Amino acid sequence: MFIDTHCHLSLDDYKNIDDILLENRKEKVSPIIISGCTKKDISEALMYGKKYSDVYVVLGYHPSEVSMVNDDDLVFLENQLKNSKVVGIGEIGLDYHYGKEDRNKQLLLFEKQLQLAEKLDIPVVIHSRDATFDTINTLKKYSVRGVIHCFSGSLETAWEYIKMGFVLGIGGVVTFKNSKLGDIVSKLPLDKIVLETDSPYLTPEPFRGEKNSSKYIPLIAAKIAECIGVSIDDVARVTTNTAKAIFHLD
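Below is a short write-up of the structure. Because the structure is predicted, anything quoted here is derived from the model rather than measured.

A few words now on helix H1 (residues 17–26). Ile17, Ile20, Leu21 and Asn24 are the residues of H1 that are buried. Relative to the axis of H1, the buried residues are bounded by an arc of 95° and lie together on one face. Where H1 is buried, its residues touch strand E2 (29–36), helix H2 (39–51) and strand E3 (55–59). Capping the start of H1 is the job of one residue whose side-chain oxygen sits 3.0 Å from the backbone nitrogen of Asp18: Asn16. Just past H1, the residue Lys28 takes up positive phi, approximately 65°.

Right, here's the structure in full:
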């Protein structure tokens, strides 16, 4: 059995959620963890968490939301985190891909959500794009643990996160022909990795260019198995146990 620790599930992307979840289960991908990381996505993610026994949720405000989030929204977030199907705060973090004009605002929102995670003692799911230095230095201020979502950094950066108590979310990028992520993964302990799709984005080979889905998790697991030199069953077992421990899943 596999766990997709990070995906996005919305009627904006999929016509029939029941069908999507049925396909996942046929591929032995269950449970899944949905990220509700915008104001719009949070309510839909909570709805699916309530409706489906094998759907869990992480909630938080993505850095792209920084101009739209106020203190009332953070109070709302804290209240939603008490829901039994919510297993973490995420995805939260920093994104300088399009520039650093709102850097200070992003850092403030990031820190407020890390404070909330520390207060409630729940894991975090971290988004970091073109912002590794600030991400690491900010995380060091807080006693939090969790997942570095969509990790694609250097081996040195990977070990820095691992030493801080984080595990690395590895998705479809590891299967891309021009990606060096497989070389990094080959040098990492399997128990410091969790599987994720970030669906509907970052579809693995050989389906790259199509809409992603949690049903493709076995393709990611197979590539990781090849990189590390273990069986796909080992990848399933170890990554599932790691995900369960981080997110306190039954």
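With that settled, consider the sheet that holds strand E8 (residues 193–195). As summarised here, the arrangement of the eight strands in space is E1-E2-E3-E4-E5-E6-E7-E8, forming an open sheet in which the pairing is parallel. For this open sheet the edge positions go to strand E1 (2–7) and E8, each flanked by a neighbour on one side alone. Across this sheet, the average inter-strand angle for adjacent strands is 30°, counted without regard to direction. Looking at chain direction, strand E4 (residues 86–95) and strand E5 (residues 124–129) are connected through six bridges and run parallel. Counted as the bridge partner of Ile92 is Ile126 from E5. Lying on the sheet, H1 is in contact with E2 and E3; it crosses E2 at an angle near 135°.

Contact pair helix H5 (residues 132–139) / helix H6 (residues 155–163): the axes reach a minimum separation of 11 Å and the direction vectors enclose 15°. For the element pair H5 / H6, the angle class is roughly parallel. In terms of crossing hand, the pair formed by H5 and H6 is left-handed. Contacts between H5 and H6 involve Thr132, Thr135, Ile136 and Leu139 from the first element and Thr157, Glu160 and Tyr161 from the second. In terms of residue class, the contact of H5 with H6 is built from three nonpolar, three polar and one charged.

Cut-offs applied
- Residues numbered from 1 in each chain as written.
- Predicted model: local features only at pLDDT ≥ 70, side-chain atom pairs only at ≥ 80, totals over all residues.
- Heavy atoms only, no water.
- Buried < 20%, exposed > 50% of the residue type's maximum accessible area, 1.4 Å probe, protein only.
- Helix = DSSP H or I, 4+ residues; strand = E, 2+ residues; numbered from the N terminus.
- Arc of directions from axis to C-beta.
- Contact = heavy atoms within 4.5 Å.
- Polar contact = N/O pair within 3.5 Å; in protein donor to acceptor, adjacent residues only side chain to side chain.
- Pairing = 2+ DSSP bridges.
- Axes fitted to C-alpha atoms, helices over the stretch in contact; angles between N-to-C directions.
- Parallel < 35°, antiparallel > 145°, perpendicular 65-115°, else oblique.
- Left-handed = near helix turned anticlockwise from the far one by under 90°.
- Nonpolar A, V, L, I, M, F, W, Y, C, P; charged D, E, K, R; others polar.

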